[in-house]
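The primary structure of each chain is shown beneath.
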Amino acid sequence: MRLYAVVAAGGFRRYATYRTATAAGVFTNTVFGFILAYTYTALWAERPQLGGYDTSQALTYVWLGQALLMACAMMGGGFEDELMERIRTGDIAVDLYRPADLQLWWLAGDLGRAVFHLLGRGVAPMFLGALAFDLALPGSPWTWLAFLVSVLLGIVVSFAVRYLVALSAFWLLDGAGAMQIAWLLGLFFSGMLLPLNLFPGLLGEVARMLPWSSLLQIPADVFLGKHTGWGLVEVYAFQGGWAVALLLAGRLLQTVATRRVVVQGG
């Protein structure tokens, strides 16, 4: 485990070196946060309690989305491009023969990336949003802790989805198309564009059952106190179930790909 802790720390330091990009990202997240916040203010003025949120909760949802956008990689930007490039060039064969688990290696690096973005690009926009608007911030430290646990599970689910998509490059000439589809699905079904509670009928029910709801909708509802007690246990089980299922699917696909590499190498 020490190896993967070092890899995670390396992932954190790697993204910490891009200070100008981080500052630009904070600026961009803040600008879009204000645009969305004023849009939501106008919408909730016409439809109070829309989706079960009051105006303060809706604005909090907006700024949580900006805080988690890069941490949960809802628009990509993690390890996947590098992994697909290594598959395309054949360098992945070297990775497969290393005395380290391929999936855990990339997961550790992605966790380091996510922690940096949560601190580097998440805290500042949330703080500025709290200064400008009346946000529904939790008063209990236990709610904050519950929120961070949900965010961690969401990050793992996000990794597992992107890992599966990246491995598709073993069979596709170019995995960029699959990654763009995953990016669009993640942006829409995470609740980044609109809370999933606003989706009507069957669409809303399906959207809330998909893994992408773990990236924003569930952590936001935990933050807003929508899930407590056994309800909190249930959403943790939902996120954890998707994480385990997707990680196992990734490991299965990795095994098939490894055998293919060995056969071709032989």
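### Overview of the packing of aromatic side chains
- With the rule as written, the count across this model stands at 18 aromatic pairs.
- With 5.0 Å between their ring centres and 40 degrees between their planes, Phe 79 and Phe 159 make a pair best called tilted. Of this pair, Phe 79 sits in the loop between helix H3 (55–68) and helix H4 (80–89) while Phe 159 sits in helix H7 (residues 141–167), placing them 80 residues apart in sequence.
- Residue Phe 159 is classed as buried on the basis of its relative accessible area, which comes to 0%.
- Three or more aromatic residues joined by ring pairs form one cluster here, namely Phe 34, Tyr 38, Trp 63 and Phe 133.

### Thoughts on the packing of helix H1 (residues 2–16) against helix H6 (residues 102–132)
- Their axes nearest at 7 Å, the elements H1 and H6 cross at an angle of 40 degrees. Relative to H6, the element H1 is oriented oblique. H1 and H6 meet at a crossing whose hand is right-handed. Counting all contacts with H1, which are made through Leu 3, Tyr 4, Val 7, Ala 8, Gly 11, Phe 12, Tyr 15 and Ala 16, the residues of H6 involved are Leu 104, Trp 105, Ala 108, Gly 109, Gly 112, Arg 113, Val 115, Phe 116, His 117 and Leu 119.
- Grouping the amino acids of the contact of H1 with H6 by side-chain chemistry returns 13 nonpolar, four polar and one charged.

### A few points about H4
- If you check which residues of H4 are buried, you get Glu 80, Leu 83, Met 84 and Ile 87. End-on view of H4: buried residues confined to an arc of 95 degrees, all on one side of the axis.
- Contacts made by the buried residues of H4 are with helix H5 (92–96), H6, H7 and helix H8 (176–189).
- Downstream of H4 by a residue or two, Gly 90 has a phi angle that is positive, lying close to 90 degrees.

### Overview of the side chain of Thr 22
- Mapping Thr 22 onto the fold places it in helix H2 (residues 19–46).
- Looking at Thr 22, its side chain comes within polar contact range of the main-chain oxygen of Tyr 18, at 2.8 Å.
- Not counting residues within four places of it along the chain, the set of residues in contact with Thr 22 comprises Tyr 15, Phe 116, Gly 120 and Arg 121.

### Re the packing of H3 against H6
- Running from amino to carboxyl end, H3 crosses H6 at an angle of 160 degrees, the nearest separation of the two axes being 7 Å. The angle between the axes of H3 and H6 places the two elements in the roughly antiparallel class. In terms of crossing hand, the pair formed by H3 and H6 is right-handed. Residue-level inspection shows Thr 60, Trp 63, Leu 64, Gln 66, Ala 67 and Leu 68 of H3 in contact with H6, the latter providing Leu 118, Arg 121, Gly 122, Pro 125, Met 126 and Gly 129.
- Across the contact of H3 with H6, the residue classes tally to seven nonpolar, four polar and one charged.

### A short note on a nonpolar patch on the surface
- Nonpolar side chains collect at one region of the surface, where Leu 43, Phe 188, Leu 193, Leu 194 and Leu 203 lie side by side and expose about 380 Å² of accessible area between them.
- Inspection of the secondary structure puts Leu 43 in helix H2.

### Comments concerning the pattern of salt bridges
- A full pass over the atoms with the stated rule returns seven salt bridges.
- The residue Arg 88 makes a salt bridge to Glu 85 at a minimum N-O spacing of 2.6 Å. Of this pair, Arg 88 and Glu 85 both sit in helix H4, separated by three residues, roughly a single helical turn.
- When the shortest N-O distance is used, the salt bridge between Asp 110 and Arg 113 registers 2.8 Å. Of this pair, Asp 110 and Arg 113 both sit in helix H6, separated by three residues, roughly a single helical turn. Assigned by exposure class, Asp 110 and Arg 113 land together as buried.

Cut-off values and rules
Residues numbered from 1 in each chain as written. Predicted model: local features only at pLDDT ≥ 70, side-chain atom pairs only at ≥ 80, totals over all residues. Heavy atoms only, no water. Phe/Tyr/Trp six-rings, centres within 6.5 Å; stacked < 30°, edge-to-face > 60°. Helix = DSSP H or I, 4+ residues; strand = E, 2+ residues; numbered from the N terminus. Buried < 20%, exposed > 50% of the residue type's maximum accessible area, 1.4 Å probe, protein only. Axes fitted to C-alpha atoms, helices over the stretch in contact; angles between N-to-C directions. Parallel < 35°, antiparallel > 145°, perpendicular 65-115°, else oblique. Left-handed = near helix turned anticlockwise from the far one by under 90°. Contact = heavy atoms within 4.5 Å. Nonpolar A, V, L, I, M, F, W, Y, C, P; charged D, E, K, R; others polar. Arc of directions from axis to C-beta. Polar contact = N/O pair within 3.5 Å; in protein donor to acceptor, adjacent residues only side chain to side chain. Patch = residues over 30% accessible without salt bridge, like charges linked within 9 Å, V, L, I, M, F, W, Y side chains within 5 Å. Areas by Shrake-Rupley, 256 points an atom, 1.4 Å probe, with all protein chains shown as cover. Salt bridge = Lys/Arg side-chain N within 4 Å of Asp/Glu carboxyl O.

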